[in-house]
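# Fold and geometry: a report
Chain by chain, the residues run as shown.
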Amino acid sequence: MKGMTNKKRILSGVQPTGDLHIGNWLGAISNWVALQEKHETFLCVVDLHAITTEYDPKQLSKNTLSTAALYVACGIDPKICSIFVQSQISAHSELCWILNCMTPINWMERMIQFKEKSVQQGNNVSIGLFDYPILMAADILLYDADYVPVGEDQKQHLELARDIAQQRINAKFSKVENILKIPQPIIMKKGSKIMSLNDGSKKMSKSDINEGSRINLLDTPEIITKKIKRAKSDSYMGMEFNNPERPESRNLLMIYSLLSGKEVSELENELSQTGWGTFKKIFTEQLIESLQPIQERYQVLINDPYELKKILFEGKEKAEAVANKTLSRVKSELGFFEMEK
Ligand code: AQP
């Protein structure tokens, strides 16, 4: 199970389901950036997950490339991380099938994200959406990941991956050594759940039908200004973090703190007498300033398809070698026929 280096290994990814928003960045990608130097990092664009809900085939490939370009634009260094596309490595689907057959259906019926997303979709819910957490377990377990940096919303899925690996594979089939490594979540305290701009009690999400509910990483300054102007506020004076009646104030303060590098307590003092109108102006300026370098780097890379594809090719080569090795180990331990022993 040893990796190519002594560094602990990380695996994470984002679905190319649309434009990435500041929740994906502050909750997930910025953590990858902070961890990449000290870890062996595998980052995938999880396009097989992206077809679990209604999608446009004309956009899938484009969104996949743009998601990968945004990883780099946000500070992921392709020289030290392997960036790859999930569907390019068939071991993900194959391990998913094996884990499907090992997982009790009642474990799946508890999954909150499925319950929430299936309500939105009415009669169109696919088996793929139900199976999403098992595919995610396969993604993680294939790489013998030590850590999985994700936002709060993915914590339950990670627990499921741990349970499948431990209880349904290792406990049942291991002979001497454990077959699968048990991964740990890394969920940062700050930014682990960025909320919608329209409703501070609801997660910011790519699939929210209301475009004004989120700030996308590629939104222009004009769009950002408009969205923040329309963002939900309240009738209180001054900005507060811990008042349960003010989830919108809490959310924007959290985002502002992450972008400016200032502590929330410091901001609360600074802004205790500031009204929403003034705060929204300061907030908008900060947001535009923080996103500008990401947008500039993105434009360079997206206009250089040769470089982008080279990054994804090299990432695939490294990732596939690791994934195939794990899959062979699992198949062998689970009793599948092998051509050569
Ligand atoms: N609002 C959020 N706050 C903090 N972290 C977030 N993440 C997503 N939304 C927030 C984290 O981003 C990573 C990638 O997420 P994903 O695209 O794989 O799926 P998701 O969690 O379902 O994200 P979305 O934006 O809500 O996408 P859709 O609407 O397509 O389902 C994960 O680490 C996630 O925790």
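Scope of this entry: the structure provided in the associated data block.

Conventions used here
- Residues numbered from 1 in each chain as written.
- Predicted model: local features only at pLDDT ≥ 70, side-chain atom pairs only at ≥ 80, totals over all residues.
- Heavy atoms only, no water.
- Near = heavy atom within 4 Å.
- Polar contact = N/O pair within 3.5 Å; in protein donor to acceptor, adjacent residues only side chain to side chain.
- Areas by Shrake-Rupley, 256 points an atom, 1.4 Å probe, with all protein chains shown as cover.
- Helix = DSSP H or I, 4+ residues; strand = E, 2+ residues; numbered from the N terminus.
- Buried < 20%, exposed > 50% of the residue type's maximum accessible area, 1.4 Å probe, protein only.
- Pairing = 2+ DSSP bridges.
- Right-handed = clockwise from strand over helix to strand, strands pointing away.
- Contact = heavy atoms within 4.5 Å.
- 1 Å grid on protein atoms, 1.4 Å probe; cavity = no way out; pocket = protein on both sides within 12 Å on 5 of 7 lines; lining within 4 Å.
- Points joined across faces, edges and corners; volume = space filled by probe spheres on them.
- Nonpolar A, V, L, I, M, F, W, Y, C, P; charged D, E, K, R; others polar.

### Here's the deal with the site of the ligand
Around the ligand sit 25 residues in total, of which Lys 117, Asp 153, Ser 205, Lys 206 and Ser 207 are the nearest. Contact between the ligand and Lys 206: an oxygen atom at 2.4 Å from a side-chain N or O atom of the residue. Here Ser 207 contributes a side-chain N or O atom positioned 2.5 Å from an oxygen atom of the ligand. Here the ligand loses 98% of its free accessible area of 630 Å² to cover by the protein chains.

### Digging into the side chain of Asp 144
With respect to the secondary-structure elements, Asp 144 resides in the loop between α7 (127-141) and β4 (147-149). Among the polar contacts made by the side chain of Asp 144, one reaches the side chain of Arg 329 at a distance of 3.0 Å.

### Here's the deal with the pairing of strand β1 (residues 9-14)
Within β1, five of the six residues are buried, which leaves it mostly tucked inside the rest of the structure. As defined by bridge partners, β1 adjoins strand β2 (residues 40-45) across six bridges and the pair is classed as parallel. The residue bridging Gly 13 from the neighbouring strand is Cys 44, located in β2. Between the parallel pair β1 and β2, the chain is carried across by helix α1 (residues 22-35), and the sense of this crossover is right-handed.

### Things to note about the environment of Gly 18
Of note, Gly 18 is situated in the loop between β1 and α1. For Gly 18, a relative accessible area of 17% corresponds to the buried category. For the pair formed by Gly 18 and Ala 323, sequence separation is 305 residues and the distance between their alpha carbons is 27 Å. The contact partners of Gly 18, leaving out residues within four places of it in the chain, are Asn 63 and Lys 206.

### Topic: the pairing of strand β3 (residues 81-85)
In the case of a regular strand, side chains alternate between the two sheet surfaces. Most of β3 is tucked away, with five of its five residues classed as buried. Side chains Cys 81, Ile 83 and Val 85 of β3 all project onto a buried face; the interleaved residues Ser 82 and Phe 84 project onto the opposite face, where all are buried too. Alignment of β2 against β3, held across five bridges, turns out to be parallel. By the bridge assignment for β3, Cys 44 is matched with Phe 84.

### Considerations on empty space enclosed by the protein
Tallying each qualifying case throughout the model produces one cavity of 30 Å³ or more. Volume-wise, the largest cavity comes out at about 40 Å³. Around the largest cavity, the lining residues are Gln 113, Phe 114, Leu 129, Tyr 132, Pro 133 and His 157. If you list the elements that add at least two residues to the lining of the largest cavity, you get α6 (112-121) and α7. Examining the composition of the lining of the largest cavity, we find that three residues originate from one element, α7, more than from any other. Among the residues making up the lining of the largest cavity, the classes are represented as four nonpolar, two polar and no charged.

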